[in-house]
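# Close look at the chain arrangement
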Amino acid sequence: MCGRFAVTTDPALLAEKIHAIDEATAAAAENRGPNYNVAPTATIATVVSRHDEPDDAPTRRVRLMRWGLVPPWVKAAPGGTPENKGPLLINARAEKITTSPAFRASAKSKRCLVPMDGYYEWKPNPDTPAGKKARKTPFYMYRADGEPLFMAGLW
């Protein structure tokens, strides 16, 4: 995931809309409500395809996950956070996910979709006359019909 994005759809409504099992609502300690500025390390709804039993057909599920991948060489605590202050990976480039040791195992079998209402892109503004860098202008990108967007994720 790159940049920031917005999520306002309730996970239960999302699960109903995409015909998925809602595992997010029961897992949420409190009603999180809309988040117009989702940032790394935030807990977000994701869509995964998982089996109940090894030989049954997989089902689509909406689950809560924390944005940030703990690399395979870092020990994770029971909650999924790194035990120490080790690295937390927040972006994966498509051209490196199958070759990088940090992403390779997750790319094989731990893929998910991250639903969002839209995302922000920043346009650089011309530098000021004094030579200082000007602030970038954010633009919110979304579907015109209001339907959710989905980006690829790894876990």
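Structural data are supplied above this passage.
First things first, this report covers the structure right here in the doc. (Residues numbered from 1 in each chain as written. Predicted model: local features only at pLDDT ≥ 70, side-chain atom pairs only at ≥ 80, totals over all residues. Heavy atoms only, no water.)

## Some details on the packing of aromatic side chains
What the rule picks out here adds up to four aromatic pairs. Seen from their ring centres, Tyr 140 and Tyr 142 are 5.5 Å apart, and the 25 degrees between their planes marks the pair as stacked. On the accessibility criterion, Tyr 140 (32% relative accessible area) is partly exposed. (Phe/Tyr/Trp six-rings, centres within 6.5 Å; stacked < 30°, edge-to-face > 60°. Buried < 20%, exposed > 50% of the residue type's maximum accessible area, 1.4 Å probe, protein only.)

## Quick word on the nonpolar core
One broad rule of soluble globular proteins: the nonpolar side chains tend to lie buried together. In this structure, Phe 5, Val 38, Ile 44, Val 114 and Met 116 are the most contacted members of the largest nonpolar core, which totals 13 residues. Elements supplying a minimum of two residues to this core: strand S1 (5-7), strand S4 (43-50), strand S6 (111-116) and strand S9 (149-154). Per-element tally for this core: the top contributor is S6, with three residues. (Core = buried A, V, L, I, M, F, W, Y, C linked by side-chain atoms within 4.5 Å. Helix = DSSP H or I, 4+ residues; strand = E, 2+ residues; numbered from the N terminus.)

## A word on the side chain of Arg 61
The topology assignment puts Arg 61 in strand S5 (residues 59-66). Within the structure, the side chain of Arg 61 is placed 2.6 Å from the side chain of Glu 23, a separation counted as a polar contact. At a separation of 3.0 Å, a polar atom in the side chain of Arg 61 contacts the side chain of Thr 59. (Polar contact = N/O pair within 3.5 Å; in protein donor to acceptor, adjacent residues only side chain to side chain.)

## What about the pattern of salt bridges?
Across all of its chains, the model carries six salt bridges by this definition. The closest approach of N and O atoms between Glu 147 and Lys 17, which form a salt bridge, is 3.1 Å. Pair noted here: Glu 147 is in the loop between strand S8 (137-142) and S9 and Lys 17 is in helix H1 (residues 11-17), with a separation of 130 residues, a long-range link. Accessibility expressed as a relative area gives 31% for Glu 147, which makes it partly exposed. With relative accessibility at 43%, the residue Lys 17 sits in the partly exposed group. For Asp 52, the salt bridge identified is with Arg 61, shortest N-O distance 2.6 Å. For Asp 52, a relative accessible area of 55% gives the class exposed. One salt-bridge network, held together by shared partners, links Glu 23, Asp 52, Arg 61 and Arg 63. (Salt bridge = Lys/Arg side-chain N within 4 Å of Asp/Glu carboxyl O.)

## Considerations on the environment of Ala 20
The topology assignment puts Ala 20 in the loop between H1 and strand S2 (21-22). Since its relative accessible area comes to 17%, Ala 20 is described here as buried. A C-alpha to C-alpha distance of 35 Å links Ala 20 and Asn 84, two positions 64 residues apart in sequence. Once you skip the residues sitting within four places of it in the chain, Ala 20 turns out to touch Ala 15, Arg 60, Arg 61 and Val 62. (Contact = heavy atoms within 4.5 Å.)

## Let's talk about the pairing of strand S7 (residues 118-123)
Pairing geometry for S1 and S7, over two bridges, is antiparallel. The partner of Ala 6 across the bridge, within S7, is Gly 118. Two elements, S7 and S8, share six bridges in a ladder whose sense is antiparallel. The residue bridging Glu 121 from the neighbouring strand is Phe 139, located in S8. (Pairing = 2+ DSSP bridges.)

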